[in-house]
Amino acid sequence: MTDAIALEHVYAEIAGQIVLEDISLDVHEREFYAIIGPNGGGKTTLIKLMLGLIQPKSGAVKVLGGTPGENRRKLGYVPQFHTFDFHYPITLQEMVLSGRLGNKARIFTRYTKEDRRITEEVLLTLGIADLSERVLSALSGGERQRAIIARALVSEPLILLLDEPTVYVDAPAEQQFYAILNSLKEKMAVVLVTHDIGVVSDYATKVACLNRRLYTHDSGEITEEMLTSAYQCPVELIAHGVPHRVLRKHDQDVP
Amino acid sequence: MMISIMAFEFFRNALLAGLLASITCGIIGTYVVVKKMVALSGGVSHAAFGGIGLGYFAGIDPILGAIGFSLASALGMGMISLRAKQHLDTLIGAIWAIGMAIGILFISLTPGYAPDLFSFLFGNILLVPVSDLLIMAVLAAMILLVVIACYQVFLAVTFDEEYAMVLDIPVEVITLLLLSLVALTVVMLIRIVGIILVIALLTLPAAISREYCSRLKNMMVLSVITGILVTTGGIFLSYFLNVPSGATIILIAAGMYGLVLIERALRKRHHPAPGAGNT
């Protein structure tokens, strides 16, 4: 069985600065892989490498056994919230439907009944079907966030990549949001990057920390060592408020 | 009096030119406004002056020169903006001035007096010859066809370039195609309002309709209607008041935009838009 995503000794540069160093990781089918790390730690760069939007300086990136460019249509992508122009005159339905464009003719494009059925289904799952005729600018932050996720899901991807998806989701909606992601795990591999370690709850099957280098642990848990290496500051600071089960050892003081 | 001026061929031509220009600038202007290409379009229109100067100097139709220069500058800026966004602003300023400088240089090198120079700079819709009307009609039909064919792809690319790449849409080709349409539209509008005022006719109708539309399609239709109202009004007013047509058209559009902004501000104060208070 080929891995959903495999990175081997990947280095990446942005504007001459090394942002990722010697990254190796495997994402398997039906895995929920969470990567946490501080802002500027290279999380978005890692996602863009998987999408083939940027090329590694060295090392290999494989998606479903091929190059990211070859298999891009099998990926769903949830970009960061702030990259959007929410004042663009587009309705929620139009935006989500555009996620179906990957496998369609480029000129005289028409959406089929099938496209509309899948879109309707995804909108229902995410609880925003009644908003489909609304213009994007008239949606709340949480609704916009779900619209962005819906667009990624309508292409029926084999792998879903999410970049900081919970920034604009409030606490009660967040639990619901993770429950949805958890149910997706049955159908696809999920890779989620975030700076907020509080959100990586019991749903993730694998966790890694990223700050230029990737710190992994075989179990689904975050260890103190991983956090200390990734954040390079006393763990207690960031561990504050984190559910107890997330950290394996809690009794030892970190110097 | 209304009927008597309609009997003049030049007047009918002017109205027809206004109509054709409104169709293209309503559609392309919509993209210019939502994709924030206003400054780039200004650069393209001023670069076109270089082509007009070259046309005079080489003894060819200045409009052909304008088409060449505006296409080249639009594609050049597009290529650079796809690769290095941070320098685009400076580049637009440079292209803007370089185009004008080339035009001035060529015109000063051309012996004798440049006959239509003033109308290229400030436009004169009442002097549009039939041959230009034909060119405009062909351009308008071409632009319309391309936009109908590529509507969904243009929507995806102008809304979210990065996601369009993930969808395997050839973003670079599509962006350059759209920029070529902008360049052709600019050339078309030069006859109507002149190089200096093109940018206003391209953006004001779209900016007005944006305030009332939730879909790109609707925004295009409303922009076209607004454009027709503005150009037709401007043609009549400038004829009866005996003032320059280009400037009249622009000031009517600007006046409408001002009213729209005031109306929106008042409405927001009384009834906040749905969702506006969230996030």
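Rules used in this analysis
- Residues numbered from 1 in each chain as written.
- Chains lettered and ligands numbered in written order.
- Predicted model: local features only at pLDDT ≥ 70, side-chain atom pairs only at ≥ 80, totals over all residues.
- pLDDT = per-residue confidence, 0-100.
- Helix = DSSP H or I, 4+ residues; strand = E, 2+ residues; numbered from the N terminus.
- Contact = placed C-beta atoms within 7 Å.
- Axes fitted to C-alpha atoms, helices over the stretch in contact; angles between N-to-C directions.
- Left-handed = near helix turned anticlockwise from the far one by under 90°.
- Nonpolar A, V, L, I, M, F, W, Y, C, P; charged D, E, K, R; others polar.
- Pairing = 2+ DSSP bridges.
- Core = buried A, V, L, I, M, F, W, Y, C linked by C-beta atoms within 7 Å.
- Buried ≥ 20, exposed ≤ 12 C-beta atoms within 10 Å, placed from the backbone.
- Expected span 1.5 Å × (residues − 1).

Got a sec to walk through the confidence of the model for chain A? Specific residues and values, please.
Residue and element names in this part refer to chain A. Confidence in the prediction of chain A, expressed as mean pLDDT, is 83, and 82% of residues score 70 or more. Predicted confidence in chain A is weakest over helix α7 (residues 235-239), with a mean pLDDT of 40, and strongest over helix α2 (residues 92-97), with 96. Here residues 233-255 is modelled with pLDDT under 50, and outside its nearest four sequence neighbours on either side it reaches 27 contacts, counting other chains as well.

Talk me through the packing of helix α2 (residues 9-34) of chain B against helix α9 (residues 171-193) of chain B; I want residue IDs and the actual numbers.
All names here are of chain B. Contact pair α2 / α9: the axes reach a minimum separation of 10 Å and the direction vectors enclose 145°. Pair α2 / α9 crosses with left-handed handedness. Here Ala-17, Gly-18, Ala-21, Thr-24, Cys-25, Ile-28, Tyr-31 and Val-32 of α2 lie close against α9, whose contacting residues are Leu-178, Leu-181, Val-182, Thr-185, Met-188, Leu-189, Arg-191 and Ile-192. Residues of the contact of α2 with α9, tallied by class, amount to 12 nonpolar, three polar and one charged.

A description of the sheet that holds strand β6 (residues 159-163) of chain A should follow, citing residues and the corresponding values.
Residue and element names in this part refer to chain A. One open sheet holds the six strands; their spatial order is β5-β6-β7-β3-β8-β9, and the pairing between them is mixed. Looking at the sheet topology across the chains shown, the edges are occupied by β5 (75-78) and β9 (213-216). Strand-to-strand, the axes of this sheet are offset by a mean angle of 20°, without reference to chain direction. Across the sheet, helix α1 (residues 43-51) touches β3 (32-36), β5, β6, β7 (189-194) and β8 (206-211), and the angle it forms with β6 is around 155°. Set on the sheet, helix α4 (residues 141-153) makes contact with β5 and β6; between it and β5 the angle comes to about 170°.

An account of the nonpolar core is needed here, citing residue identities and associated values.
In this structure, Leu161(A), Ala48(B), Val182(B), Val187(B), Leu189(B), Val198(B) and Leu201(B) are the most contacted members of the largest nonpolar core, which totals 153 residues. No other element matches α9(B), which puts 13 residues into this core. When neighbours within four sequence positions are excluded, Leu189(B) is seen to be in contact with Ala21(B), Cys25(B), Val198(B), Leu201(B) and Leu202(B).

Pulling in residues and values, what's your account of the sheet that holds strand β1 (residues 5-14) of chain A?
Residue and element names in this part refer to chain A. Here three strands make up an open sheet; going across it, the order is β2-β1-β4 and the pairing antiparallel. For this open sheet the edge positions go to β2 (17-27) and β4 (58-63), each flanked by a neighbour on one side alone. Pairs of neighbouring strands in the sheet enclose a mean axial angle of 25°, with direction left out of account. Here five bridges tie β1 to β4, and the two strands are oriented antiparallel to one another. Bridge pairing in β4 links Tyr-11 to Ser-58. Contacts from α1 reach β1, β2 and β4, with the element oriented near 120° to β1.

Hey, could you go over unusual backbone geometry for me, with residue numbers and the actual values?
Residue and element names in this part refer to chain B. Positive phi values are uncommon outside glycine, yet Lys-36 reaches one of about 55°. Structurally, Lys-36 can be placed in the loop between α2 and α3 (38-58). When the 10 C-beta atoms within 10 Å are taken as the criterion, Lys-36 is described as exposed. Positive phi, close to 70°, is recorded for Asp-168, a residue that is not glycine. Among the structural elements, Asp-168 can be located in the loop between α8 (161-166) and α9.

Go over the interface of chain B and chain A, please, and point to the residues and values.
With 27 residues of chain B at the contact, the number on the chain A side is 27 residues. Counting residues per element, the ones that place at least two in the side of chain B that touches chain A are α7 (130-159), α8 and α11 (216-241) of chain B. With seven residues, the top contributor of residues to the side of chain B that touches chain A is α7(B). Looking at the side of chain B that touches chain A, its residues break down into 17 nonpolar, five polar and five charged.

Now, about the environment of Cys213(B): what can you tell me, with residues and values included?
Position of Cys213(B) among the secondary structure elements: in the loop between α10 (198-210) and α11. Linking Cys213(B) and Ser131(B), residues 82 residues apart in sequence, is a C-alpha distance of 36 Å. Look past the residues within four positions of Cys213(B) in its chain and what remains in contact with it is Pro89(A), Asn218(B), Met219(B) and Leu222(B).

Which residues make up α9(B), and what values go with them?
Here α9(B) spans 32 Å end to end across 23 residues, near enough to the 33 Å set by a 1.5 Å rise per residue. Directly after α9(B), the chain includes Gly194(B), whose backbone phi takes a positive value near 85°.

With reference to specific residues and values, describe the environment of Ala39(B).
Inspection of the secondary structure assignment puts Ala39(B) in helix α3. Residues Ala39(B) and Leu121(B), spaced 82 residues apart in sequence, show a C-alpha to C-alpha distance of 18 Å.

Would you mind going over the pairing of β8(A) in detail, with residue names and values included?
Residue and element names in this part refer to chain A. For β8, the buried fraction is high: six of the six residues fall into the buried class. Residue alternation in β8 divides its side chains into two sets, Lys-206, Ala-208 and Leu-210 and Val-207, Cys-209 and Asn-211, and both sets are buried. Where β3 meets β8, four bridges bridge the pair, whose relative direction is parallel. Bridge pairing links Ile-35 to Ala-208 in β8. By the bridge criterion, four bridges tie β8 to β9 in an arrangement that is antiparallel. When the sheet's bridge partners are listed, Leu-210 is paired in β9 with Leu-214. As consecutive antiparallel partners, β8 and β9 are separated by one residue, and within that stretch Arg-212 has a phi angle of approximately 70°, a positive value.

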